[in-house]
Amino acid sequence: MRIPFIAGNWKMFKTVQETVVFVKELGGFVKDVADVEIVVAPPFTSVHSAAVAARNTNIGVAAQDLYWEREGAFTGEVSASMIKEAGAEYVIVGHSERRRLFGDTDRAVNRKAIAAIGAGLTPIVCVGETLEERERDQTLAVLDRQVKDGLDGLTGDQVGEIVVAYEPVWAIGTGRHATAAQAGEAHAHIRKRLGQWFGAGAADRCHVIYGGSVKPENISELIAEPDVDGALVGGASLEVGSFADIVTKSRPAAV
Ligand code: PGA
């Protein structure tokens, strides 16, 4: 079955030194947690040091983005194989900040997801509606488009191995999280579509995690939803105590 998946998205926070201190400290907090997959996503500059610090621990490392070409004249970009070689096992693609501030389209997200899988990385593919889209009752239609186009061309086996993060844009960094009912509805919808488009096995194995103002105070109600398999945590992942708390509260026995 799907074990809970908790990832910390640090965004543009933490130096190499801060990363190493955090990972070592987190390792102490969570060393006995075998029933939650724990991942941190530092900036590119810290991916390798995070991976070194996480060696022989139960902490995995993700990058926050990638470029789909293998190598070439793409100033400022980093490829999937470079990320993999630096020691990451996961990579976030299609985060709403990338979509909104840096112009990532569904097509770009798709190319990035395919490149990640090709390099042996697990993509964490982010989807989610804006407040305006929710108010216009377009939430499920937006999710359909982002999931369909973002995962286009993947096999059922591949979809079964990836992570989809439902992150309503209005809940990111706002302190306003989706209610358990709102998250539950969106997650159930995404899983239904994964089943229709990629097969029952894919839908059953794919982790669908929630992101948007997740905190130690609200993780329990969110993860109690049957289709919420974990969380992508921004602000509350920057402090090791609160991130470890979220991990602990996600353990199956705690739910
Ligand atoms: P937040 O960010 O937890 O600070 O809302 C979540 C995210 O952007 O992944």
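Predicted model only: the values in this text are computed from it and were never measured.

(A) Focus on the overall build of the chain. In terms of helices and strands, the chain carries 12 helices and 8 strands. At 17 Å, the chain has a C-alpha radius of gyration in line with the 18 Å of a compact globule built from 255 residues. Out of the 255 residues in the chain, the part that is buried amounts to 54%. In the chain, of all internal contacts separated by at least 6 residues, the share reaching a separation of at least 24 is 72%.

(B) Highlighting the site of the ligand. Surrounding the ligand, one finds 14 residues, the nearest of these being Lys-11, His-95, Glu-167, Gly-173 and Ser-213. Contact distances for the ligand include 2.7 Å between an oxygen atom and a side-chain N or O atom of Lys-11. Within the shell around the ligand, the residues separate by chemical class into 5 nonpolar, 7 polar and 2 charged.

(C) Region of interest: the side chain of Ser-79. Within the element layout of this structure, Ser-79 appears in the loop between strand S3 (59-63) and helix H3 (80-85). When its relative accessible area of 4% is taken as the criterion, Ser-79 is described as buried. Among the polar contacts listed, one links the side chain of Ser-79 to the backbone oxygen of Arg-70, at a separation of 3.2 Å. Ser-79 has contacts with Tyr-67, Glu-69 and Arg-70, leaving out every residue within four places of it along the chain.

(D) The arrangement of the packing of aromatic side chains in detail. A complete count under the given rule lists 6 aromatic pairs for this structure. Pairing Phe-22 with Phe-243 gives two aromatic rings, centres 6.4 Å apart and planes at 45 degrees, and the pair type is tilted. Of this pair, Phe-22 sits in helix H1 (residues 16-30) while Phe-243 sits in helix H12 (residues 240-249), placing them 221 residues apart in sequence. In this pair, the class of Phe-22 matches that of Phe-243, namely buried. An angle of 45 degrees between the planes, with centres 5.0 Å apart, marks the rings of Tyr-67 and Phe-74 as tilted. Accessibility expressed as a relative area gives 18% for Tyr-67, which makes it buried. Aromatic ring contacts, followed pair by pair, group Trp-10, Phe-22 and Phe-243 into a single cluster. Across from the ring centre of Trp-10, 5.4 Å away, lies the NZ or CZ of Lys-14, which sits over that ring. Lying over the aromatic face of Trp-197, Lys-148 brings its terminal NZ or CZ to 5.0 Å of the ring centre.

(E) A look at the pattern of salt bridges. Applying the stated criterion across every chain, the model contains 18 salt bridges. For the salt bridge of Asp-106 with Arg-99, the shortest nitrogen-to-oxygen distance reads 2.7 Å. According to the relative accessible area criterion, Asp-106 is buried, its value standing at 12%. Lys-249 serves as the salt-bridge partner of Asp-245, at 3.8 Å between the closest nitrogen and oxygen.

The rules we used
- Residues numbered from 1 in each chain as written.
- Predicted model: local features only at pLDDT ≥ 70, side-chain atom pairs only at ≥ 80, totals over all residues.
- Heavy atoms only, no water.
- Helix = DSSP H or I, 4+ residues; strand = E, 2+ residues; numbered from the N terminus.
- Rg over C-alpha atoms; globule rule 2.2 N^0.38 Å.
- Buried < 20%, exposed > 50% of the residue type's maximum accessible area, 1.4 Å probe, protein only.
- Contact = heavy atoms within 4.5 Å.
- Near = heavy atom within 4 Å.
- Polar contact = N/O pair within 3.5 Å; in protein donor to acceptor, adjacent residues only side chain to side chain.
- Nonpolar A, V, L, I, M, F, W, Y, C, P; charged D, E, K, R; others polar.
- Phe/Tyr/Trp six-rings, centres within 6.5 Å; stacked < 30°, edge-to-face > 60°.
- Lys NZ or Arg CZ within 6 Å of the ring centre and 35° of its normal.
- Salt bridge = Lys/Arg side-chain N within 4 Å of Asp/Glu carboxyl O.

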